[in-house]
Amino acid sequence: MSDKAKLIFEGKEHLFDVVRGSESEKALDVSSLRSDLDLITIDPGFKNTGSCKSAITFLDGEKGILRYRGYSIEDLAKNADFLQVAFLLIYGELPTNEEYVKFLNDINENAIVDEDLRKILENFPKSAHPMGILSSLTSALIAFNPEKKMSLKNIEDDREYMYNSIVKLLAKIPILVAWVHRRRKGLPLNYGDYNAGYVENITKMMFQVPNQDYVENKTVINAMNKLLILHADHEQNCSTSTVRIVGSSEASLFASVSAGISALWGRLHGGANQAVLEMLEAIKNDGGDTKKYMSKAKDKSDPFRLMGFGHRVYKNFDPRAKIIKVAAHEVLKDLGIDDPILDIAKSLEQEALNDPYFTQRKLYPNVDFYSGIIYKALKIPKEMFTVMFALGRVPGWIAHWREMRMNNDPIGRPRQVYVGSTHRTFKT
Ligand code: SDX
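Residues numbered from 1 in each chain as written. Predicted model: local features only at pLDDT ≥ 70, side-chain atom pairs only at ≥ 80, totals over all residues. Heavy atoms only, no water.

**A short note on helix H15 (residues 340-353)**
Because the α-helix completes a turn every 3.6 residues, residues three or four places apart line up on one side. With 14 residues, H15 ought to run about 20 Å at 1.5 Å a step, and its terminal C-alpha atoms sit 20 Å apart, in line with that. On the buried face of H15, the contacting elements are helix H12 (272-285), helix H13 (290-298), helix H14 (319-334), helix H16 (356-360) and helix H17 (367-377). Where H15 begins, the capping side chain belongs to Asp 339, and its oxygen is found 2.9 Å from the backbone nitrogen of Ile 341. (Helix = DSSP H or I, 4+ residues; strand = E, 2+ residues; numbered from the N terminus. Expected span 1.5 Å × (residues − 1). Contact = heavy atoms within 4.5 Å. Polar contact = N/O pair within 3.5 Å; in protein donor to acceptor, adjacent residues only side chain to side chain.)

Have a look at this one:
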């Protein structure tokens, strides 16, 4: 198998190294392109461009494969809990019992938020979108947890410091998420139960009501656990690439994750789960005419897109969508909810799977198509759906920030092709 590729340009030949990954993915190493041929590549949206080597998550878009550190998403969603998966993504191996207990204890020891941060939250306008609040508060965490400059040289000495930043973030983000949710519902901002598990504590913080006994609902816990695992990482997606490039300037973990939250907010990315539910509700309120909306999605003059469909990498079913679709059924049945929205979603899916416009473009349901149906059943408002996506994605963002720092990756600084005015003089 050749590990070289030849480019002939303006009469000059150039041999490139071909990099092969552990799953036989191939990449052209163009790091010498400018110096040798005075050429750069251009690839809007980086559809064909790898930004790094990574050992965290593997996707196969054609086969619909998703693995975290080699474990299939199906295995993990069925057998693991979210904190185990967070440890696996960040440190590369599933935690031993001792490691798990220490990780949870260290997180619980940091599970408190400065009172002044609570005041910042209470001063946001009620109309502020939860994702904007979460991104701001995550950045504000730096003010209350000043992070010393980590030098890349003695990363070993920083290992302990990096661990402390990681457990702090895993401890405080769920509190911010719960408080943003509770403030919207006019509930007091409280803490959960440090004797409970990580997801159990998150769920209690979000849903407990004053002066009422909080009864843990296993269906809700299992659904939250599964959804958080399914959202935990997805290699170099828009928001993770944002975390890596912000972190590559040696910005702190909190600042890098705050940037990732902002990138996830967009409706083409994590914001799609809220947009899907709004779309399904619009179809329901419009008499359930799915065919009308399918036509709109195919009409190039109509800005409407079938939200929750399509994916940059998956050109087959998003394996997460398959798992969430089954889970949506189970959760609605267990909670005794009959939601016509689920039927509308399944009709849209069936029509799309039989429509050449979608099949030719390989547009299948993605992770966002069914997730909102479960969040709605858990009584989470749709404005909070993308916040729930962010909560799940935090371990992935941490894992990539840590990998990028441990690998001593260079600061990200893409080139461009300039197409503006050529030189002109300023005339007085
Ligand atoms: C996430 O990258 C990740 O891993 C992301 C994510 C993660 O876990 O981090 O998986 C999470 O972001 C999932 C995606 C959520 N977004 C949506 O559901 C929004 C709707 N989908 C799209 O807008 C779109 O499919 C993207 C953004 C997801 C992917 O866009 P691409 O890869 O840039 O593809 P494209 O926009 O160039 O579309 C190719 C063709 C176009 O038609 P033609 O120009 O070829 O005629 O497919 C069409 C598009 O118009 N198309 C759609 C469509 N998605 C693509 N047409 C109708 N409805 C859609 N949803």
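Anyway, onward from the coordinates.
**Here we look at a nonpolar patch on the surface**
A surface patch of nonpolar side chains, about 340 Å² in accessible area, is lined by Ile 42, Val 417 and Val 419. Mapped onto the fold, Ile 42 is located in the loop between helix H1 (33-37) and strand S4 (57-60). For Ile 42, a relative accessible area of 62% puts it in the exposed group. (Patch = residues over 30% accessible without salt bridge, like charges linked within 9 Å, V, L, I, M, F, W, Y side chains within 5 Å. Areas by Shrake-Rupley, 256 points an atom, 1.4 Å probe, with all protein chains shown as cover. Salt bridge = Lys/Arg side-chain N within 4 Å of Asp/Glu carboxyl O. Buried < 20%, exposed > 50% of the residue type's maximum accessible area, 1.4 Å probe, protein only.)

**Some details on the nonpolar core**
Side chains that are nonpolar tend, in soluble globular proteins, to be buried together. By size, the foremost hydrophobic cluster in this structure holds 118 residues, and its most contacted members are Tyr 68 and Ile 373. Considering each element in turn, this core owes the most residues, 14 residues, to helix H7 (residues 155-184). When residues of this core are assigned to domains, at least three map to each of domain 2 (73-265 + 382-406) and domain 3 (272-377). Once residues within four sequence positions are removed from consideration, Tyr 68 is found in contact with Ile 56, Thr 57, Ile 73, Leu 76, Val 85, Leu 88, Leu 89, Ile 229, Leu 230, His 231, Ala 232 and Asp 233. (Core = buried A, V, L, I, M, F, W, Y, C linked by side-chain atoms within 4.5 Å. Domains from an automatic or database assignment.)

**Let's talk about the pairing of S4**
The two faces of S4 match: Thr 57 and Leu 59 on one face and Phe 58 and Asp 60 on the other face are all buried. Here S4 pairs with strand S5 (residues 65-68) via four bridges, running antiparallel. Following the sheet pairing, Leu 59 is matched in S5 by Leu 66. Linking S4 to S5, which pair antiparallel, is a turn of four residues; within it Gly 64 sits at a positive phi near 65°. (Pairing = 2+ DSSP bridges.)

**Re the domain arrangement of the chain**
The domain architecture assigned to the chain consists of domain 1 (4-50), domain 2 (73-265 + 382-406) and domain 3 (272-377). Taken over C-alpha atoms, the centre of domain 2 sits 27 Å from the centre of domain 3. Facing the 19 residues of domain 2 at the interface are 23 residues of domain 3. For the pairing of domain 2 and domain 3, the buried interface totals around 1800 Å² over both sides, and the portion due to carbon and sulfur atoms is 68%. Summed over the shared surface of domain 2 and domain 3, the result is one salt bridge. (Buried area = accessible area lost by both parts, 1.4 Å probe.)

**A short note on the pattern of salt bridges**
A complete count under the given rule lists 21 salt bridges for this structure. With a shortest N-O distance of 2.3 Å, Lys 4 and Asp 17 are connected by a salt bridge. Placement of Lys 4 in strand S1 (residues 4-9) and of Asp 17 in strand S2 (residues 12-20) is noted, with a sequence separation of 13 residues between them. Judged by its relative accessible area of 46%, Lys 4 falls in the partly exposed class.

**Quick word on helix H8 (residues 198-207)**
Burial analysis of H8 places seven of its 10 residues in the buried class, which makes it a mostly covered element. The set of residues buried in H8 consists of Tyr 198, Val 199, Asn 201, Ile 202, Thr 203, Met 205 and Met 206.

**Observations concerning the pairing of S5**
Burial of S5 is one-sided: the residues Leu 66 and Tyr 68 facing one way are buried, the residues Ile 65 and Arg 67 facing the other way are not. Relative to strand S6 (residues 71-72), S5 runs antiparallel, the two sharing two bridges. Directly across from Arg 67, in S6, lies its bridge partner Ser 72. Here S5 hands over to S6 after two residues, with Arg 69 in that stretch at a positive phi of 50°.

**A short note on unusual backbone geometry**
Phi is positive for Arg 69, which is not a glycine, with a value near 50°. Locating Arg 69 in the fold gives a position in the loop between S5 and S6. One non-glycine residue, Asn 408, adopts positive backbone phi at about 60°. Take Asn 408: it is sitting in the segment after helix H18 (385-406).

**Notes on the sheet that holds strand S3 (residues 26-29)**
Across the sheet, three strands lie side by side as S1-S2-S3; this open sheet has antiparallel pairing. The open sheet is flanked by S1 and S3, the only strands paired with a single partner. Ignoring strand direction, the axes of neighbouring strands in this sheet form an average angle of 35°. Across six bridges, S1 lies against S2 in antiparallel orientation. In the strand pairing of S2, Lys 4 is matched with Asp 17. (Axes fitted to C-alpha atoms, helices over the stretch in contact; angles between N-to-C directions.)

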